[in-house]
Amino acid sequence: GKPTLYGSVTRRGLSSEGIPDITASEGFLVQEVTKKSILISCPHENVSTKFLAPYTTFSRIHQKSITCLDISSGGGLGVSTSTDGTMKIWQAANGEIRRLLEGHVYDVNCCRFFPSGLVVLSGGMDAQLKIWSAEDASCVVTFKGHKGGILDTAIVDRGRNVLSCSRDGTARLWDCGKSACLGVIADCGCPVNGIAAGAADDSLNLGTPEHPPSEREIGTEGKILLLAREDKKLQGVGLQSRQPVFLFVGSDAFNCCTFLSSTCILAGTQDGNIYQLDVRNTSAPIQVVHRSGAPVLSLLPYRDGFIASQGN
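Residues numbered from 1 in each chain as written. Predicted model: local features only at pLDDT ≥ 70, side-chain atom pairs only at ≥ 80, totals over all residues. Heavy atoms only, no water.

The chain has the name PAAF1 factor in an unreviewed UniProt entry, where Tyrannus savana is given as its organism. In its Sequence similarities (unreviewed entry) section, the UniProt record describing the chain reads: "Belongs to the WD repeat PAAF1/RPN14 family." (UniProt positions renumbered as here; feature names shortened; annotations may be inferred.)

What follows is the structure, encoded as C-alpha cells:
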C-alpha cells in the first residue's frame, strides 16, 4: 500500500580479484557482491534481495515471451510454449531444438512432461488438450470437451488419467487410453486458472462418490484437487468423490497452486500474495508472503521451501 521505492546501482570498477565495485543510490545498500550475485538491501523498509546471474541463457528457442515450460524427470529435455505461437522440445544441456509440436489452433497455454519423460501434455486456447510423442513429435491423442481455452493441466500418478482446467469454469478428468472424458470434477462458474492434484492426509474427509467410479479411473482415490479460481477463491475437491473439501477466499484472483506436503499447500494471487494453508483447517492461512504487488504466476516446491515467479 506504499509508493514504490526506486533506486539505481552503479559499477565503479573491478577489484584485482575480478569482483565489481558496486554502489547503490540513496536508501539502498550493497551488502555483498560476488562474481555471480549482488545482495542489495533497503534498510528503511527492512527488506533485501539477492540478484543472481544466470549461468546459461538459451535465447534461440523462442522469439517472444515464454508462457510455460517443463523439464523431463531425467533432466535431459525441456518443453516450452511461447507467445510466438510455437511449442518446442529442446535439450536441457545446450538448448538445441529437437522437436516442433504443431497442431494447436491459436496459442498454447500450458505444457508438461508425463513422468516417463517421453510424452508431453499440452492445453491451448482452442479448448483442446493434446498428448504428443517427444520422440517423433506426433500428436497421439486429442481431447475435446472444454468450451473455453485450457489454462492448466495435471497428471494423475503415472498418467493413465490426466486433468485439465479451463476458462469455461470446469476441471475435467480424462482417460488417455480411450481418449475420453471421465467426468467434470468441478464446475466453478468462473475461469479456473490453475490446478494441482496431490495425495490427501488420511485425516481429511474427501467425501464419497454419488456413483461408483469408472474402472477407467486409475489413481484418483485418496487424492485432492486444488482449483485456483478467478473469483478470488481457492477450492479443494475430492478427486474421486467430486465433493467439495474446502473453500478459501483470498485477496484477488488465484493464478496458481501447488502441494508442499499432504497437508500443506501454496497458492498465489494476482495482487502478489502467496498463501500457505493447512488443508485440514483453511479458516486462516499459516502465513501470507508478500514481496511485491506483481502477480504470482507460478509456484514450485524446492528443497525445504518453494520457488515463486512473479510478473515483474
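On we go.
1. Looking at the environment of K178
Among the secondary structure elements, K178 is positioned in the loop between β16 (170-175) and β17 (180-187). Considering only alpha carbons, one finds K178 and R160, 18 residues apart in sequence, at a separation of 9.8 Å. (Helix = DSSP H or I, 4+ residues; strand = E, 2+ residues; numbered from the N terminus.)

2. Thoughts on the pairing of strand β27 (residues 305-310)
One ladder, built from six bridges, connects strand β26 (residues 296-302) with β27; its direction is antiparallel. For Y302, the partnering residue across the bridge sits in β27 and is G305. Hairpin connection, β26 to β27: the antiparallel pair is bridged by two residues, and R303 has positive phi, about 50 degrees. (Pairing = 2+ DSSP bridges.)

3. Looking at the pattern of salt bridges
One pass over the structure, following the stated rule, counts seven salt bridges. One salt bridge in this structure joins D152 and R112, with 3.4 Å as the shortest N-O distance. You can see D152 sitting in strand β14 (residues 150-156) and its partner R112 sitting in strand β10 (residues 108-113), a full 40 residues away along the chain. On the basis of relative accessible area, R112 is assigned to the partly exposed category, the value being 26%. In this structure, R280 engages D278 in a salt bridge whose closest nitrogen and oxygen atoms are separated by 2.7 Å. (Salt bridge = Lys/Arg side-chain N within 4 Å of Asp/Glu carboxyl O. Buried < 20%, exposed > 50% of the residue type's maximum accessible area, 1.4 Å probe, protein only.)

4. Re the UniProt feature "repeat: WD" (unreviewed entry) in the chain
In this numbering, the UniProt entry assigns the feature "repeat: WD" (unreviewed entry) to residues 59-100, 101-142 and 143-175. When the span residues 101-142 is considered, its composition is 0% helix and 50% strand, and the gap between its end C-alpha atoms is 13 Å. In the segment residues 143-175, helix accounts for 0% and strand for 61%; the C-alpha atoms at its two ends are 9 Å apart.

5. A word on the side chain of D175
By the secondary structure assignment, D175 is in strand β16. Exposure remark for D175: the relative accessible area of 4% places this residue in the buried category. Within the structure, D175 has its side chain in polar contact with the side chain of R216 (distance 2.6 Å). With residues up to four places along the chain from it excluded, the contact list for D175 reads F143, R160, N161, A180, L182 and R216. (Polar contact = N/O pair within 3.5 Å; in protein donor to acceptor, adjacent residues only side chain to side chain. Contact = heavy atoms within 4.5 Å.)

6. Topic: a nonpolar patch on the surface
A contiguous nonpolar surface patch, about 260 Å² in accessible area, is contributed by I66, L69 and I71. With a relative accessible area of 47%, I66 lands in the partly exposed category. (Patch = residues over 30% accessible without salt bridge, like charges linked within 9 Å, V, L, I, M, F, W, Y side chains within 5 Å. Areas by Shrake-Rupley, 256 points an atom, 1.4 Å probe, with all protein chains shown as cover.)

7. A short note on the nonpolar core
Nonpolar side chains in soluble globular proteins tend to be buried together. If you look at the biggest cluster of nonpolar residues, it comprises 25 residues, and the most contacted ones within it are V79, L101, F143 and V162. Sorting the residues of this core by element identifies β7 (77-82), β8 (87-91), β10, β11 (119-124), β12 (129-133), β13 (139-143) and β14 as the ones contributing at least two each. In terms of residue count, the dominant contributor to this core is β10 (four residues). Counting only domains with at least three residues in this core, you end up with domain 2 (58-144) and domain 3 (155-311). Contact partners of V79, with chain neighbours within four places excluded, come to C68, L69, D70, M87, K88, I89, W90, L101, C111, F113 and V120. Membership of the second largest hydrophobic core comes to 18 residues, among which are L234, F254, C257 and V279. (Core = buried A, V, L, I, M, F, W, Y, C linked by side-chain atoms within 4.5 Å. Domains from an automatic or database assignment.)

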